[in-house]
Structure formats: C-alpha cells, structure tokens
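Chain and residue survey
The residues making up each chain are set out below.
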Amino acid sequence: MNEDYPFENGHNVSWELEGFGPDEYLCSSVTLTREQFLQVRGLFELGDDEWMLAGSYPVPAEVQGPLHAIVETAPFEDGVDYFLGAYQDHSSGF
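Residues numbered from 1 in each chain as written. Predicted model: local features only at pLDDT ≥ 70, side-chain atom pairs only at ≥ 80, totals over all residues. Heavy atoms only, no water.

1. Structural notes on the pairing of strand E1 (residues 13-20)
One face of the sheet, then the other: side chains in a regular strand alternate in exactly this way. Of all 8 residues making up E1, 6 are buried, and the element is well covered by its neighbours. Pairing analysis gives 8 bridges linking E1 to strand E4 (residues 81-88), with the strands arranged antiparallel. In the sheet register, Glu-18 faces E4, and the bridge partner there is Phe-83. With 6 bridges joining them, E1 and strand E2 (residues 26-32) adopt antiparallel strand pairing. Bridge pairing links Phe-20 to Leu-26 in E2. With antiparallel pairing between neighbouring strands as the criterion, E1 and E2 make up a hairpin whose turn holds 5 residues, including Glu-24 at a positive phi of roughly 60°. (Buried < 20%, exposed > 50% of the residue type's maximum accessible area, 1.4 Å probe, protein only. Helix = DSSP H or I, 4+ residues; strand = E, 2+ residues; numbered from the N terminus. Pairing = 2+ DSSP bridges.)

As structure tokens, this is what we get:
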C-alpha cells in the first residue's frame, strides 16, 4: 500500500448501498464487504474509477437483481432511489 495514498486498490475503503425514499430520506443502508464489492463492481460502468472513489453511482433497475443476489439485502422497493458509493474507512483493515 502506498503511504501517500492510503486508498489505493480499495484499501481503507468501505462501500455503502443506500436507498432514498420520495422525500429524499434515507430508508435503507447496507455496508458491502470488499469481497462483495469485487463481485458487484462489474455490474457498473466505472471507467477509471474502479473503486468508486469519485462518488455515488445510481443503481439502475437492471442491476438490482444481480446486486441483490450478491449482497443479499432486503428486496429493492419501488419508489426508492438506490446508490452505491465508497467512503474512507481507516478502520476497515483492508
């Protein structure tokens, strides 16, 4: 790991799948493990942002089924907007 950039290769990062209801309130939140994220990231077009460090990505309807199978979350709800993104997590130990 590069001491100048502690998030290289997904180190010290966690990923959060969040659902926001009609009033933009947070109605669900699930943290993904690094292993889950490695399976999930192929479902998204990330370009050069292979660790989702640039921000949150919307979860399109066609991705919800495969994502649900990998993460084993509660079923996706109609009317809820879902996003997946990374955040710094120095305690993750990755």
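2. Considerations on helix H2 (residues 61-71)
Along H2, the residues classified as buried are Val-63, Gln-64, Leu-67 and Val-71. Looking straight down H2, one finds that the buried residues subtend no more than 110° of arc, so they occupy a single side. More than 90 degrees from the buried face of H2, the exposed residues found are Glu-62 and Ala-69. Buried residues along H2 sit in contact with E1, E2, helix H1 (34-40) and E4. (Arc of directions from axis to C-beta. Contact = heavy atoms within 4.5 Å.)

3. Focus: the sheet that holds E4
Pairing is antiparallel across the open sheet formed by 4 strands, whose spatial order is E2-E1-E4-E3. Here the strands that pair on one side only, and so sit at the sheet edges, are E2 and strand E3 (57-58).

4. Section: the nonpolar core
Of all hydrophobic cores here, the largest spans 19 residues; its most connected members are Trp-15, Leu-17, Phe-44, Met-52, Val-59, Leu-67 and Leu-84. Where this core is concerned, the elements lending two or more residues are E1, H1, H2 and E4. Every residue in contact with Val-59, bar those within four places of it in the chain, is listed here: Leu-17, Phe-44, Gln-64, Leu-67, Tyr-82, Phe-83 and Leu-84. (Core = buried A, V, L, I, M, F, W, Y, C linked by side-chain atoms within 4.5 Å.)

5. Some details on the confidence of the model for the chain
Model confidence for the chain is summarised by a mean pLDDT of 85, while 83% of its residues fall at 70 or above. Across the chain, the element-wise mean pLDDT spans from 91 in E4 up to 96 in E3. (pLDDT = per-residue confidence, 0-100.)

6. Section: unusual backbone geometry
You will see that Glu-24, though not glycine, has its phi angle at about 60°, which is positive. Here Glu-24 shows up in the loop between E1 and E2. The exposure class of Glu-24 is exposed, given its relative accessible area of 68%. Not every positive phi belongs to a glycine, and Met-52 is a case in point at roughly 60°. A residue is classified by how much of its surface remains accessible, and Met-52, at 0% relative accessible area, is buried.

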